[in-house]
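Listed below, chain by chain, are the residues.
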Amino acid sequence: MAKYFQPEIETAPLETIREIQNERLINTVNRVYNNVELYRERMNAAGVKPEDIRSIDDLHKLPFTYKQDLRDTYPYGMMAVPMSEVVELHASSGTTGKQIVVGYTENDLKSWADICARQLYAVGADENDYVHVAYGYGLFTGGFGLHIGAKRIGATTIPVSSGNTPRQITILKDFGSTVLCCTPSYALYIGETLEQMGLTPDDISLKAGIFGAEPWTEGMRKDIEKKLGLKAYDIYGLTEVMGPGVAFECEEQSGMHVNEDHFIVEIIDPDTGEVLPVGEEGEIVFTCITKEAFPILRYRTRDIGVLSREKCSCGRTFIKMSKPRGRTDDMLIIRGVNVFPSQIETVLTQQGYSANYQLIVDRVNNTDTLDVRVEMSADVFSDTVRNISKKEYELKEALKSLLGLSAKVTLVEPQSIERSTGKAVRVIDKRKLHD
Ligand code: ADP
Ligand code: ZN
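So, here's what we can say about the structure. (Residues numbered from 1 in each chain as written. Chains lettered and ligands numbered in written order. Predicted model: local features only at pLDDT ≥ 70, side-chain atom pairs only at ≥ 80, totals over all residues. Heavy atoms only, no water.)

Section: the overall build of the chain
Inference 1: Along its length, the chain carries 13 helices and 21 strands.
Inference 2: Rg of the C-alpha trace for the chain: 22 Å, near the compact-globule value of 22 Å for 435 residues, within the 12% margin.
Inference 3: Each principal axis of the C-alpha atoms in the chain carries an extent, and together these give about 70 × 55 × 40 Å.
Inference 4: Looking at the chain as a whole, 55% of its 435 residues qualify as buried.
Inference 5: Partitioning the intrachain contacts of the chain with sequence separation of at least 6 by distance along the chain shows that 68% fall at a separation of at least 24. (Helix = DSSP H or I, 4+ residues; strand = E, 2+ residues; numbered from the N terminus. Rg over C-alpha atoms; globule rule 2.2 N^0.38 Å. Buried < 20%, exposed > 50% of the residue type's maximum accessible area, 1.4 Å probe, protein only. Contact = heavy atoms within 4.5 Å.)

Encoded structure:
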């Protein structure tokens, strides 16, 4: 079985990738300057003309694009083609405010299918596989992205969508699904449901999972792999840039290759906007260089990550990005300590807890408080109150010594935290109620 969906580009030498990027960037800049008012105005204001952009070395001269720009031009102000050429619309799930809408031409959908197909090949799937898509279908990009990717590789595509978990298990069993695509929190939930139905991974045929759309940790990866008997891979994407498949994990399971023939990635200092060298952590910024309908320049994702050009054992030459720690918006500041929910998740899973947790943030007497609520396992639950308190204390100490975070820890009953069929809600910020 071929390992790469598009070997010439996935393993191209860096110089070839650069040439492609230079040409496509110049093209895109000209198109947006001529067709998108916001870019024409921004570039004029910055004193940059399309002819000033001669290679990706000039990228830094271009203005950033912010989520707010997409809201201000809602719904169709950022389209670079007439709406008659737009064949599909999608919208962000609106996790962080008013939704935005994006469009795709027929060629854009082809590119999207290609990048999702690359991901599927990278996890060992081909036309003999049964790809079970349990991301939500609809305006959310998760379902349709993997759907068209699975069809592109000629796999038998099963568009289950999310929800109705017992039925997911029936389909996994009866249809013989071999590749599962959903959010990591839903994968965990499906794994727990399998167990509750008295089944084991041997009763289903999954070999790989493609899990993304939210941050998740290595601890959660191990847990999902065990519960579902598969290898779990990370996939990254966002509606504004394309949807799932902007970056994809290979067999090395150590970060995601960015599809550099479609997107140019930069890491910047979120405060100053300065471009940081490869290897430094900062905000991830993408420029779309093949999109026709909705090409955005230097889009500020607010996701925090690191890039690496180290040679990958899979043979792909695309740059790799780390699992993003989370969005700057999700970072909690608890009495001076900055912490991402994913860092707390790492500690919880290292201490043997599952990723069923919730973080309750509040402000009491002008002081921020954090209550880490995590489910205990059935055997801990049947333990004495004294032992449960001891476990809470141990976890509290672990959070303190590993993250410098002082938080209250509450072990809650098994199954008491609401499960998610899409993106999990990890943080409940009660401070917002007082504002
Ligand atoms: P919304 O912004 O409404 O949640 P999207 O579905 O477009 O809608 O979400 C994209 C965001 O999801 C990314 O900017 C990132 O924060 C998060 N995300 C997507 N994939 C991953 C991943 N593999 N790891 C961590 N975060 C991810
Ligand atoms: Zn690789």
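Details of the coordination of the zinc ion (ligand 2)
Inference 1: Taken together, Cys250 (SG), His257 (NE2), Cys312 (SG) and Cys314 (SG) make up the full set of protein donors to the zinc ion (ligand 2), lying 2.1 to 2.3 Å away.
Inference 2: For the zinc ion (ligand 2), the four donor atoms in the first shell make angles of 102 to 114° at the metal, a pattern classed as tetrahedral.
Inference 3: Counting the intervening residues between successive donors of the zinc ion (ligand 2) yields the motif C-x6-H-x54-C-x1-C. Here Cys250 is found in the loop between β8 (243-249) and β9 (256-258), whereas its partner Cys314 is found in the loop between β13 (307-308) and β14 (320-321), with 64 residues between them in sequence. (Donors = N, O, S within 2.8 Å, 3.2 Å for Na, K, Ca; no water. Tetrahedral: all angles 85-135°; square planar, octahedral: opposite > 155°, others 65-115°.)

Quick notes on the side chain of Thr290
Inference 1: Examined against the element boundaries, Thr290 turns out to sit in the loop between β11 (282-288) and β12 (299-305).
Inference 2: Here His262 takes part through its side chain, which lies 2.8 Å from a polar atom of the side chain of Thr290. (Polar contact = N/O pair within 3.5 Å; in protein donor to acceptor, adjacent residues only side chain to side chain.)

What about the sheet that holds strand β20 (residues 408-412)?
Across a sheet, paired strands are connected by hydrogen bonds in the backbone, their directions being either parallel or antiparallel.
Inference 1: Judged by pairing direction, the sheet is mixed, and its four strands sit side by side in the order β20-β19-β18-β21 without closing on themselves. The open sheet has two edge strands, β20 and β21 (427-429), and neither has a second partner. Recorded for the sheet is a direction-independent mean angle of 20° between the axes of neighbouring strands.
Inference 2: In this structure, strand β18 (residues 357-364) lies alongside β21, joined through three bridges in parallel fashion. (Pairing = 2+ DSSP bridges. Axes fitted to C-alpha atoms, helices over the stretch in contact; angles between N-to-C directions.)

A look at the packing of aromatic side chains
Aromatic ring pairs are defined here through the distance separating the ring centres and the angle between the ring planes.
Inference 1: Counted by the stated rule, this structure contains seven aromatic pairs.
Inference 2: With centroids separated by 5.7 Å and ring planes inclined at 65°, the aromatic side chains of Tyr186 and Tyr189 adopt a geometry described as edge-to-face. Of the two residues, Tyr186 and Tyr189 are both situated in helix α8 (residues 184-196); the distance of three residues between them amounts to about one turn of the helix.
Inference 3: When its relative accessible area of 23% is taken as the criterion, Tyr189 is described as partly exposed.
Inference 4: With a centroid separation of 6.0 Å and 35° between ring planes, the pair formed by Tyr236 and Phe286 is classed as tilted. You can see Tyr236 sitting in strand β7 (residues 231-238) and its partner Phe286 sitting in strand β11, a full 50 residues away along the chain. Per residue, the accessibility class of Tyr236 equals that of Phe286, and both read buried.
Inference 5: One residue, Arg221, lies across the ring of Trp216, its end atom 5.6 Å from the ring centre.
Inference 6: Over the face of the ring belonging to Tyr104 we find Lys291, whose NZ or CZ atom lies 5.9 Å from the ring centre. (Phe/Tyr/Trp six-rings, centres within 6.5 Å; stacked < 30°, edge-to-face > 60°. Lys NZ or Arg CZ within 6 Å of the ring centre and 35° of its normal.)

A closer look at unusual backbone geometry
Inference 1: The omega torsion of the bond from Tyr74 to Pro75 falls at 0°, within 30 degrees of zero and hence cis.
Inference 2: As for its position among the elements, Pro75 is in the loop between α4 (67-72) and β1 (88-91).
Inference 3: In this model, Arg298 sits at a positive phi of 45°, which is unusual for a non-glycine residue.
Inference 4: Tracing the backbone through its elements, the reader meets Arg298 in the loop between β11 and β12.
Inference 5: Since its relative accessible area comes to 2%, Arg298 is described here as buried.

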